[in-house]
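Below are the chains, spelled out letter by letter.
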Amino acid sequence: MDTENIIDRLLELFPAAEKSELLEVLVACDGSVDQTTKLLEEQFGKVQQASFEDNSQKSLSFSCNHIEKHTVKALDASKRGIKREFSQISDGEVNLPHQTTLKQYGRNIGQMKLCKRPGKAVTLYTKEEVEKNLPDLVFVRDFLTKELASKLLSALVSKRAAFTHNKFYIAGQKCQSKHYTAIFRDLDASDTEKFIYRDSGKKNVQKFFTEMKLCAYAVEDKVNEVLSKRKPKSSYQIRKGWKANLCVSNLFQQEKQDLDWHSDKLTDIGPLPTIASISLGATRIFRVRKITTARNGGDSTIFNIPLPHNTLLVMLPGTQEKFKHCVPSVDGCLLDLHPVVGKVRYSLTFRMIRNELLSGRPKCPKCGSSMVLKRMFKRSETRGYYFWLCGSQYSGYKCRGFYYGKFDKINVPGEGLYTNRQSEATRWIGNSE
Ligand SMILES: [Zn+2]
């Protein structure tokens, strides 16, 4: 009995369950139908005994390897099925001249709810298209070996309980993200106490597991290779020895789950950070636009980048400062299902927690809370100044404690990374900002 038949059978037994949920549990149980049934019974109630026996198959348990082989085969098949064609995307999508597109993707993106923001949308499919239009991004398809990508995906599925909604405050109102997040770290134990990742509130931080470590090593090698070939943008960014010691993993279980426009927080990773993400599972769109839109003198173009299973996307220094990104919902028109997890998509975003940031950041001068690092961009007179803002606003309070950021001596141990004076503050402005 193959996976598809088992899932169909499970669906008959648990009609209230979703196919992707069943697959998730089945993979988490290493393919054991008995265990899967037991787990599902806890959630959906007991089924009649011997339901599986009437199919004259006595031993239905099979190993995780079986699923992986199945996955790899299905992936190959799905790749063969994708034909590269030239096509014009309709419904408000504007293509670059001579742009190669996947017809299948084009149709689906065309059906997507269009961004409400004004400005043209451009879809970038290939490494060449992405890196030509967005030079601070690095795009690599099939980054990990197929085996590692499959194992990593299975491991993430089995850690479903670690993924929860993010809670945050907007104007004093408690809000909850639509997608799920889990945080993994690979830090010295001595740093643990100081470290609370603020992007997601006080979440339980998990340790890197074997497959994640292997993935982090591959990502580190790639990022350091890229950084070594580029001219640094500042003296205070990481230029070599970049470490993937923090992984924020996002889970999009349903097409409706999205992630709104944002830049990643700089507080623990510092100014001009590098963030590298691996996509696993279904293909979702990664959307990028300049932080300064046409209204304040920038460019409003929105770039859509489809990220298929096992794609690496590196956001090099300057990307968080100059751009915002989001993962839009793809309700009813998912680009490409994954043969094992269906419409489920994980991103693993690797960052480097910098010890200098943990030790040199200020406490709020007004209330003593920890502070968050940001960069001014709205007005051209002050654009580019880094500043620290009281973090209590993220718990619903309204303290406006403030310092400028000061990073010229970030590599000197014991130096504070803040100042009251604008004349001493660190300012970074990108090209064409
Ligand atoms: Zn404060």
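Here, the structure is the one placed above.
Residues numbered from 1 in each chain as written. Predicted model: local features only at pLDDT ≥ 70, side-chain atom pairs only at ≥ 80, totals over all residues. Heavy atoms only, no water.

1. With respect to the coordination of the zinc ion
Put simply, the test is: A donor here means any N, O or S atom no more than 2.8 Å from the metal (3.2 Å for Na, K and Ca); water is not included, so a site may seem to lack partners. Helix and strand labels come from DSSP, where a helix needs a run of H or I of at least four residues and a strand needs a run of E of at least two; each type is numbered from the N terminus. For every residue, the accessible area (1.4 Å probe, protein chains only) is compared with the maximum for its type, and the residue is labelled buried under 20%, exposed over 50%, or partly exposed between those bounds.
Protein ligation of the zinc ion involves Cys364 (SG), Cys367 (SG), Cys390 (SG) and Cys399 (SG), the donor distances falling in the range 2.2 to 2.3 Å. Donor residues binding the zinc ion come from one chain and are separated in sequence as C-x2-C-x22-C-x8-C. In this pair, Cys367 is assigned in the loop between α11 (355–360) and β16 (371–375) and Cys399 in the loop between β17 (386–390) and β18 (402–405), connecting sequence segments 32 residues apart. Residue classification places Cys367 among the partly exposed positions, given a relative accessible area of 42%. Look at Cys399 and you get buried, because its relative accessible area is 16%.

2. Examining the environment of Glu381
How we decide: Any N or O atom pair separated by 3.5 Å or less is treated as a polar contact, with the protein-specific requirement of one donor-capable and one acceptor-capable atom, and with residues adjacent in sequence counted only for side-chain atom pairs.
Turning to its location among the elements, Glu381 is positioned in the loop between β16 and β17. In terms of polar contacts, Glu381 uses its side chain to reach the side chain of Arg379, at 2.8 Å. Within polar-contact distance, the side chain of Glu381 engages the side chain of Ser380 at 3.2 Å.

3. A few points about the sheet that holds strand β11 (residues 284–290)
Put simply, the test is: Being paired, for any two strands, means DSSP has found at least two bridges between them. Interaxial angle, 0 to 180 degrees, is taken between N-to-C directions of lines fitted to C-alpha atoms, where a helix line uses only the stretch in contact.
Here five strands make up an open sheet; going across it, the order is β3-β12-β11-β14-β9 and the pairing mixed. Of all strands in the sheet, those bounded by a partner on one side alone are β3 (121–123) and β9 (259–262). Neighbour-to-neighbour, the strand axes of this sheet turn through a mean angle of 20°, independent of strand direction. Judged from the three bridges that link them, β3 and strand β12 (residues 302–307) form a sheet pairing that is parallel. By the bridge assignment, Thr123 is partnered in β12 with Asn304.

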